[in-house]
Amino acid sequence: MRRVLPAIASGILTMGCAPASSAGCFAPATELPERAAVLAAPGIGESARALVDALFAGDAGEVKALLGRDPALARLRLGGGADVLSLAVASCERDVVDAAIAAGAPLDGGGKGLPLNLALRARDPWCAGRLLEAGARPNPPASPSMPMRTAIGLNAPRAMAMLLVSGAVPNL
């Protein structure tokens, strides 16, 4: 019992998005976007493919350069339900997330709030806080209860509090 409680407390206190390899950045069982599914969307051209490669690599310099040359890429709908900001969050690189936000990537992804849901599953609270600070809706229109359900499912009171402070309506 004594060994379990510190592990549980550690899990509760460490959630969000920090610079690290993306798999280790997130809570167990987090489903991250897969490159093949992301590129399966019709109409993915060379610029979009280069951006996806840079996002998966967590290459902030290349992401900034590509979005600077073609700002419309920030709003690109990708395959597998992914979007540019979700891939930025999945990279777990703060500069990549900031570059996507600065370029105008939709903060609620495709309306279901995938970027925020991924950020809530990350281990460092920075990413979820950054998305909410930038204007991500704690109750995204296409899936209003998903962020709070994610935080509750992770038993993450800090994430729940962050959502409530940002205006989440918990009874949707």
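Keep in mind the model is a prediction, meaning the values are calculated, not measured. (Residues numbered from 1 in each chain as written. Predicted model: local features only at pLDDT ≥ 70, side-chain atom pairs only at ≥ 80, totals over all residues. Heavy atoms only, no water.)

Asks: What's the story with the confidence of the model for the chain in this structure? I'm lost.
Replies: Atomic detail in the predicted coordinates should be set aside for any region of low pLDDT. Mean pLDDT for the chain: 87, with 86% of residues reaching 70 or above. Across residues 1-20 the pLDDT falls below 50, and counting only partners more than four positions away or on other chains, this stretch makes 42 contacts in the model. (pLDDT = per-residue confidence, 0-100. Contact = heavy atoms within 4.5 Å.)

Asks: Just checking my understanding: could you explain helix H6 (residues 84-91) for this structure?
Replies: An α-helix turns once every 3.6 residues. As a result, residues three or four positions apart point the same way. The buried count for H6 comes to eight of eight residues, which makes it a mostly enclosed element. Along H6, the residues classified as buried are Val84, Leu85, Ser86, Leu87, Ala88, Val89, Ala90 and Ser91. Between a side-chain oxygen at the N-terminus of H6 and the backbone nitrogen of Leu85 the separation is 3.1 Å; the capping residue is Asp83. Within two residues after H6, Cys92 carries a phi angle of roughly 65°, on the positive side. (Buried < 20%, exposed > 50% of the residue type's maximum accessible area, 1.4 Å probe, protein only. Helix = DSSP H or I, 4+ residues; strand = E, 2+ residues; numbered from the N terminus. Polar contact = N/O pair within 3.5 Å; in protein donor to acceptor, adjacent residues only side chain to side chain.)

Asks: I'm lost on the layout of surface pockets in this one. Help?
Replies: Approximately 310 Å³ is the volume found for the largest pocket. Forming the walls of the largest pocket are 18 residues, and the residues nearest its centre are Glu31, Leu114, Asn117, Leu118 and Met146. Among the elements that take part in the lining of the largest pocket, helix H8 (residues 114-121) stands out by supplying four residues, more than any other. For the lining of the largest pocket, the class distribution of residues is four nonpolar, eight polar and six charged. (1 Å grid on protein atoms, 1.4 Å probe; cavity = no way out; pocket = protein on both sides within 12 Å on 5 of 7 lines; lining within 4 Å. Points joined across faces, edges and corners; volume = space filled by probe spheres on them. Nonpolar A, V, L, I, M, F, W, Y, C, P; charged D, E, K, R; others polar.)

Asks: Explain the pattern of salt bridges to me, please; I cannot follow it from the model alone.
Replies: Two side chains of opposite charge can pair, provided their charged atoms sit close to one another. One pass over the full model with this rule turns up five salt bridges. Between Arg35 and Asp53 there is a salt bridge whose closest N-O contact spans 2.1 Å. Here Arg35 is found in helix H3 (residues 35-38), whereas its partner Asp53 is found in helix H4 (residues 46-57), with 18 residues between them in sequence. Arg137 is the partner of Asp108 in a salt bridge, and the nearest nitrogen-oxygen pair spans 2.5 Å. With Asp108 in the loop between helix H7 (94-102) and H8 and Arg137 in the loop between helix H9 (126-134) and helix H10 (146-153), this pair connects stretches of sequence that are 29 residues apart. Residue classification places Asp108 among the buried residues on the basis of a relative accessible area of 8%. The structure contains a network of salt bridges with shared partners spanning Asp98, Arg130 and Glu133. (Salt bridge = Lys/Arg side-chain N within 4 Å of Asp/Glu carboxyl O.)

Asks: Honestly, the state of the cysteines in this entry has me stumped. Any pointers?
Replies: A disulfide bridge is the covalent bond that connects two cysteines by way of their sulfur atoms. Under the definition given, this model contains one disulfide. One disulfide bridge connects Cys25 with Cys92, the sulfur atoms lying 1.5 Å from each other. With a gap of 67 residues between them, Cys25 in helix H2 (residues 22-25) and Cys92 in the loop between H6 and H7 connect regions that are remote in the sequence. Neither Cys25 nor Cys92 differs from the other in exposure class; each is buried. (Disulfide = S-S within 2.5 Å.)

Asks: I would appreciate a short explanation of the environment of Leu66 in the present structure.
Replies: Structurally, the position occupied by Leu66 is in helix H5 (residues 60-69). Separated by twelve residues in the primary sequence, Leu66 and Ala54 place their C-alpha atoms 8.9 Å from one another.

Asks: Help me out: how do you make sense of H9 in this one?
Replies: Burial in H9 covers these residues: Cys127, Ala128, Arg130, Leu131 and Leu132. Among the structural elements, H6, H7, H8 and helix H11 (157-165) are those in contact with the buried residues of H9. Gly135, located one to two residues past H9, shows a positive phi value of around 120°.

Asks: Any chance you could explain the side chain of Asp83 here in plain terms?
Replies: By the element assignment, Asp83 lies in the loop between H5 and H6. In terms of polar contacts, Asp83 uses its side chain to reach the backbone amide nitrogen of Leu85, at 3.1 Å. Only 2.7 Å separates the side chain of Asp83 from the side chain of Ser86, close enough to count as a polar contact. For Asp83, the contacting residues outside a window of four places in its chain are Leu76, Leu78, Gly109, Gly110, Leu114 and Pro115.

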